[in-house]
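Topology and contacts: notes
Each chain, written out:
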Amino acid sequence: MSEAPPAAAPAPAGKAGKKEKKNQAKKKPPSNLVIPPKKPKLTKAERRALQEQQRAAKAGEKAGGAKKGGGEQQQQGGQQEKKGQQQQDLSSSADASKSKQNQKPDSSETSKSGKEEESHEENRTLDIFAHLSNYHELPNPHAPEWTSTLHPAVIELGMQYASGSIRGGQARCRSMLEVFLQVFDDYEPPEDTTSDYRSHLDHMVLKPSFTFWTTKCRQHCVSMGNAFTFCKLAVASLDRDSTWEKAKDILKDTLDRYMHERMDIANQAITEHAMKKIANGDVILTFGNSHAIRVLLTTAKKEGLDFYVWIADSRPLFEGKDMLAALEEAGISCGYIQLNALTYVLKQINKVFLGASALMSNGAVFGRVGTACVAMLANDSHIPVLVCCETYKISNKVQLESITHNELGNPDALAELPEGPASSCLSNWRESKTLKLLNLMYDVTPPDFVSGIITEVGIIPSTSVAVLLREMNPQDAAY
């Protein structure tokens, strides 16, 4: 049999006892050491009062530092008295802070809270969209600050922007350039021959007009911004020594060519590329009212193609009704549905053609609100989604969602409903403190939901928008 391993020998009791005594001796504080009691925790008001007293004591020391003899003794005595009174002041400040909390607010505090409530009542936007500019009401066209500095055509166009009589990226951009042509006809350069009429025209005519449209009427779209940048470059490239009559002819010819080549010819080229994707018997879906889509469908009908069009629409603008009237006039068979009924007709759809207000450099489509819903449902049903957009609507910005940059419409338009329980609830929505109405004008369609983008240069994937932006840079265009 194997023997068991020997157990470990226990440590001698004498050594262990000595170690324990040494540890206990180390732990015990010395008899002559006086440990002060812990300081009580001060409140916020008490800490402030203590800081103020310390600052006052330091200021007194500096002020009395120049005195000698009896003055120093008096100062030391005063400091001792101040230090002796600190505890009493701390207790009194704590009591005062508690009494202030129990007392009612002063009139100044009530006035501040009243102003905050008034501003809260005026701002009826959700907090997540508070960074967006509020909806612009109709400006006063007879205000002296505008009539004395702006051309009458500029004020009239601004009223049309604000009232909504002119909508759509291309319509708004074209009307802006046409007004600039009228402004150029009536413009008179300064009499001072030493001044540069190019700078005067830019800073005193073009910029104030564009500022009035964007700040007092309606937020500008990407197409307007690109066209305005091109217009300023055209003014800056004029010869300073040439007469204004000659420069005016150059400017008018430049803007005419811009509208003709970047809008009219671009729509024709988009139509030629997109018609190759339409076959007889197709059932096409579109959303809202897009000028490029309208030109495409009416031209395809004139070419003898036989197809059916479903027009999806949404409130509160109901822009699809204008598209429906234009297609019916062209003899195209159409169907009209609301956006919430789109799933009932998706089984019939072969292709989806959508318009766009802008193309972001990352390939996202910035369009009328509801465009992203149509593209998402079509992509989920494996239906090709083709976006028709001109190259002058391409933006150099990147946008991943519709929160960072957007436009707010009239919230009262959402409350306009047929008679019923819902209309009675929304008729006095401003009186409700818990109800807010949000009328977003645009949304962002991710590039994954888009099968192809049809431009005047051809059909490109969403990933090629950045390359197209570099090629179509207005600074390198030969105008």
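Residues numbered from 1 in each chain as written. Predicted model: local features only at pLDDT ≥ 70, side-chain atom pairs only at ≥ 80, totals over all residues. Heavy atoms only, no water.

Per an unreviewed UniProt entry, the protein goes by Translation initiation factor eIF2B subunit delta and derives from Cylindrotheca closterium. Here the protein is described in UniProt, under the heading Subcellular location (unreviewed entry), as follows: "Cytoplasm, Cytosol". (UniProt positions renumbered as here; feature names shortened; annotations may be inferred.)

A word on the environment of glutamine 399
The topology assignment puts glutamine 399 in the loop between strand S7 (385–388) and helix H14 (421–426). Taking the C-alpha atoms as reference, glutamine 399 lies 9.2 Å from glycine 363; in sequence the two are 36 residues apart. In contact with glutamine 399, not counting residues within four places along its chain, are Met360, Asn362, Ala364, Phe366, His405 and Val444. A distance of 2.7 Å separates a polar atom in the side chain of glutamine 399 from the backbone oxygen of glutamate 401. Within the structure, the side chain of glutamine 399 is placed 2.8 Å from the backbone oxygen of histidine 405, a separation counted as a polar contact. (Helix = DSSP H or I, 4+ residues; strand = E, 2+ residues; numbered from the N terminus. Contact = heavy atoms within 4.5 Å. Polar contact = N/O pair within 3.5 Å; in protein donor to acceptor, adjacent residues only side chain to side chain.)

So, the nonpolar core
Counting 44 residues, the largest nonpolar core has Met176, Leu177, Phe180, Phe184 and Trp213 as the members making the most contacts within it. Of all the secondary structure elements, the ones that give two or more residues to this core are helix H6 (152–163), helix H7 (169–186), helix H8 (197–217), helix H9 (222–236) and helix H10 (244–275). Other than its neighbours up to four places away in sequence, phenylalanine 184 contacts Leu201, Leu206, Cys231, Trp244, Lys248, Leu251 and Leu255. Counting 28 residues, the second largest nonpolar core, distinct from the first, contains Leu359, Val365, Cys389 and Leu468. (Core = buried A, V, L, I, M, F, W, Y, C linked by side-chain atoms within 4.5 Å. Buried < 20%, exposed > 50% of the residue type's maximum accessible area, 1.4 Å probe, protein only.)

Observations regarding the side chain of threonine 298
Here threonine 298 shows up in helix H11 (residues 291–302). The class of threonine 298 is buried, set by a relative accessible area of 18%. Reaching out from threonine 298, the side chain makes a polar contact with the backbone oxygen of valine 295 at a distance of 3.1 Å. Those residues in contact with threonine 298 that lie beyond four places of it in its chain are Leu327, Ala330 and Ile332.

A look at the pairing of strand S1 (residues 282–287)
Across a regular strand the side chains alternate sides, sitting on one face of the sheet and then on the other. Counted residue by residue, S1 has 6 buried out of 6 residues, so it is predominantly covered. Here S1 shows a buried face lined by Asp282, Ile284 and Thr286 and a second buried face lined by Val283, Leu285 and Phe287. Bridging between S1 and strand S2 (residues 307–313) involves 6 bridges; their strand directions are parallel. Residue threonine 286 lies in a different strand from S2, and its bridge partner there is isoleucine 311. On the question of chirality, the crossover connecting S1 to the parallel S2 by way of H11 is right-handed. Pairing of S1 with strand S4 (residues 351–354), which is carried by 2 bridges, proceeds in the parallel orientation. (Pairing = 2+ DSSP bridges. Right-handed = clockwise from strand over helix to strand, strands pointing away.)

Brief notes about the sheet that holds strand S5 (residues 358–359)
Whenever strands of a sheet pair, they do so through backbone hydrogen bonds, lying parallel or antiparallel. With antiparallel pairing, the 3 strands of this open sheet are ordered in space as S5-S6-S8. Edge positions in the open sheet fall to S5 and strand S8 (442–445), since each of these has one partner strand only. When strand S6 (residues 365–368) meets S8, the two strands line up antiparallel, connected through 4 bridges. If you follow glycine 367 over to S8, its bridge partner there is aspartate 443.

A closer look at H9
Between its first and last C-alpha atoms H9 spans 21 Å; for 15 residues at 1.5 Å apiece the expected length is 21 Å, and the two agree. Taken residue by residue, H9 has Val222, Ser223, Met224, Gly225, Ala227, Phe228, Phe230, Cys231, Ala234 and Val235 as its buried positions. (Expected span 1.5 Å × (residues − 1).)

Some remarks on the pattern of salt bridges
When their charged atoms lie close together, side chains carrying opposite charge are able to pair. Applying the stated criterion across every chain yields a total of 10 salt bridges. Note that glutamate 261 is salt-bridged to arginine 257, the shortest N-O span being 3.8 Å. Here arginine 257 and glutamate 261 lie together in helix H10, a separation of 4 residues that amounts to about one turn. With relative accessibility at 33%, the residue arginine 257 sits in the partly exposed group. Note that lysine 351 is salt-bridged to aspartate 282, the shortest N-O span being 2.9 Å. Residue lysine 351 is found in strand S4, and its partner aspartate 282 is found in strand S1; the two are separated by 69 residues along the sequence. Of the two residues examined, lysine 351 and aspartate 282, each falls in the buried class. (Salt bridge = Lys/Arg side-chain N within 4 Å of Asp/Glu carboxyl O.)

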